[in-house]
Amino acid sequence: MSKSAKEVVRNFYLSKVLTDKNVLETYFHPEVVLIWNSSDGLSILHYDDLAGFFMEIGRTYQDLRVEVSHLLADGAHVTVRYKYYIRTIENPDEELGIAHFISIWEVKDGKLYRGHTVSQPVSINDDTTESYHKVKV
């Protein structure tokens, strides 16, 4: 039985991207394109770029955790709002919020196919206690 687009996206964001060596082949379509607007500007990532990105994250952080606040689906398209928390190799006892994201994914053949992401670094003024209530997760 095939999974809904929402289930595919939820399962990816709940996966262990630092330890699961099969994350890319499990969740990403071979023809994936991710268009990412960040504080560094626009990046367009394909499958091999994402492989390098996840490898670098694994070298940089001891742990990576996501907190999803919104997960909304419309057919093959899923919008997800989330925040990433990390633990560094140098300081594994302290968890730090690093960035807020909103992504829109198109799921094709049960995998993430086309993505649009906007991210913003966490700042000292963030009010996550009021703005991060879960919606349709």
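The rules behind these values
- Residues numbered from 1 in each chain as written.
- Predicted model: local features only at pLDDT ≥ 70, side-chain atom pairs only at ≥ 80, totals over all residues.
- Heavy atoms only, no water.
- Helix = DSSP H or I, 4+ residues; strand = E, 2+ residues; numbered from the N terminus.
- Polar contact = N/O pair within 3.5 Å; in protein donor to acceptor, adjacent residues only side chain to side chain.
- Contact = heavy atoms within 4.5 Å.
- pLDDT = per-residue confidence, 0-100.
- Phe/Tyr/Trp six-rings, centres within 6.5 Å; stacked < 30°, edge-to-face > 60°.
- Buried < 20%, exposed > 50% of the residue type's maximum accessible area, 1.4 Å probe, protein only.
- Lys NZ or Arg CZ within 6 Å of the ring centre and 35° of its normal.
- Pairing = 2+ DSSP bridges.
- Axes fitted to C-alpha atoms, helices over the stretch in contact; angles between N-to-C directions.
- 1 Å grid on protein atoms, 1.4 Å probe; cavity = no way out; pocket = protein on both sides within 12 Å on 5 of 7 lines; lining within 4 Å.
- Points joined across faces, edges and corners; volume = space filled by probe spheres on them.
- Nonpolar A, V, L, I, M, F, W, Y, C, P; charged D, E, K, R; others polar.
- Arc of directions from axis to C-beta.

Engineer: Requested: an account of the side chain of Ser119, with residues and values cited.
Structural biologist: Tracing the chain through its elements places Ser119 in strand S6 (residues 111-121). Within polar-contact distance, the side chain of Ser119 engages the side chain of Trp36 at 2.9 Å. When neighbours within four sequence positions are excluded, Ser119 is seen to be in contact with Trp36, Asn37, Ser38, Ser39, His100 and Phe101.

Engineer: Can you break down the confidence of the model for the chain residue by residue, with the values?
Structural biologist: Looking at the chain as a whole, its pLDDT mean stands at 90, while 91% of the residues score no less than 70. Between the elements of the chain, mean pLDDT differs from a low of 52, seen in helix H4 (residues 128-131), to a high of 98, seen in strand S1 (residues 28-38).

Engineer: Please set out the packing of aromatic side chains residue by residue, giving values where relevant.
Structural biologist: A complete count under the given rule lists 13 aromatic pairs for this structure. Taking the centre distance of 4.8 Å and the plane angle of 70° together, the rings of Phe12 and Tyr13 count as edge-to-face. Each member of the pair, Phe12 as well as Tyr13, is classed as buried. Among the aromatic residues, those joined into a ring-pair cluster are Phe12, Tyr13, Tyr27, Phe28, Trp36, Phe53, Phe54, Tyr82, Tyr84, Phe101 and Trp105. The aromatic ring of Tyr85 is capped on one face by Arg65, whose charged end is 4.3 Å from the ring centroid. Just above the ring of Tyr113 sits the side chain of Arg114; from NZ or CZ to the centre is 4.0 Å.

Engineer: Tell me about the sheet that holds strand S4 (residues 77-88), and name the residues and values.
Structural biologist: Here 6 strands make up an open sheet; going across it, the order is S2-S1-S6-S5-S4-S3 and the pairing mixed. Sheet topology places strand S2 (41-46) and strand S3 (61-74) at the edges, where each strand pairs with a single neighbour. The mean inter-strand angle of the sheet, taken between neighbouring strand axes irrespective of direction, is 20°. Both S1 and S6 contribute to a ladder of 6 bridges, which runs parallel. Across the sheet, residue Trp36 finds its bridge partner in S6, namely Thr117. Contacts between helix H1 (residues 5-14) and the sheet are confined to S1, S3, S4, strand S5 (95-108) and S6, with S4 contributing the most and set at about 5° to the helix. Its contacts with the sheet put helix H3 (residues 47-60) on S1, S2 and S3, and the angle it makes with S1 is roughly 65°.

Engineer: Now, about the layout of surface pockets: what can you tell me, with residues and values included?
Structural biologist: Of the voids in this model, the largest pocket is the one considered here, and its volume is about 610 Å³. Forming the boundary of the largest pocket are 28 residues, of which Trp36, Phe53, Ile57, Tyr84 and Phe101 lie nearest the centre. Put simply, the parts of the chain that give the lining of the largest pocket at least two residues each are H1, S1, S2, H3, S3, S4, S5 and S6. A breakdown of the residues in the lining of the largest pocket according to their chemical character gives 19 nonpolar, 7 polar and 2 charged.

Engineer: Talk me through H1; I want residue IDs and the actual numbers.
Structural biologist: Among all positions of H1, only Ala5, Val8, Val9, Phe12 and Tyr13 are buried. Each buried residue of H1 sits inside an arc of 125° when the element is viewed along its axis, so together they form one side.

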